[in-house]
Amino acid sequence: MEINWTVIGIVALLVIILVVLTIRKNQKEKKKLTDLLNNDFKKAEEEEPAPDDAANEK
């Protein structure tokens, strides 16, 4: 039984391409998720000023 190096080479090349594309896609998704989580926050609600605070009086 002979080893068909051409078929093995083509399969190996396709596997390498698949791995590279998967890594690139994951990096893009990671960047999108990081940006979303960094920018998706609710602003803190402002509390009402204390009535005895002189700086807040008009």
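Fair warning: this is a prediction, and the values are worked out from it, not measured in the lab.

Engineer: Summarise the overall build of the protein chain; cite the residues concerned and give the values.
Structural biologist: Helix and strand content of the protein chain: 1 helix and 0 strands. For the protein chain, the proportion of its 58 residues judged to be buried stands at 0%. Here the protein chain displays about 6,500 Å² of accessible surface, and carbon together with sulfur accounts for 60% of that area.

Engineer: Can you explain a nonpolar patch on the surface? Please cite residues and give values.
Structural biologist: Side chains of V7, V11, V15, V19 and I23 sit close together on the surface and give an oily, nonpolar patch of about 410 Å² of accessible area. In this fold, V15 is placed in helix 1 (residues 5-39).

Engineer: How would you sum up the pattern of salt bridges? Please name residues and give values.
Structural biologist: Counted under the stated rule, the structure contains 1 salt bridge. The closest approach of N and O atoms between K31 and D35, which form a salt bridge, is 3.3 Å. With K31 and D35 both in helix 1, this residue pair falls 4 residues apart, about one helical turn. Judged by its relative accessible area of 53%, K31 falls in the exposed class.

Engineer: Account for a positive patch on the surface, with residues named and values stated.
Structural biologist: Among the surface-exposed residues, R24, K25, K28 and K32 lie close enough to one another that they form a single positively charged patch. Position of R24 relative to the elements: it lies in helix 1.

About the criteria used
- Residues numbered from 1 in each chain as written.
- Predicted model: local features only at pLDDT ≥ 70, side-chain atom pairs only at ≥ 80, totals over all residues.
- Heavy atoms only, no water.
- Helix = DSSP H or I, 4+ residues; strand = E, 2+ residues; numbered from the N terminus.
- Buried < 20%, exposed > 50% of the residue type's maximum accessible area, 1.4 Å probe, protein only.
- Areas by Shrake-Rupley, 256 points an atom, 1.4 Å probe, with all protein chains shown as cover.
- Patch = residues over 30% accessible without salt bridge, like charges linked within 9 Å, V, L, I, M, F, W, Y side chains within 5 Å.
- Salt bridge = Lys/Arg side-chain N within 4 Å of Asp/Glu carboxyl O.
- Lys, Arg positive; Asp, Glu negative; His and termini not counted.
- Charge placed at Lys NZ, Arg CZ, Asp CG, Glu CD.

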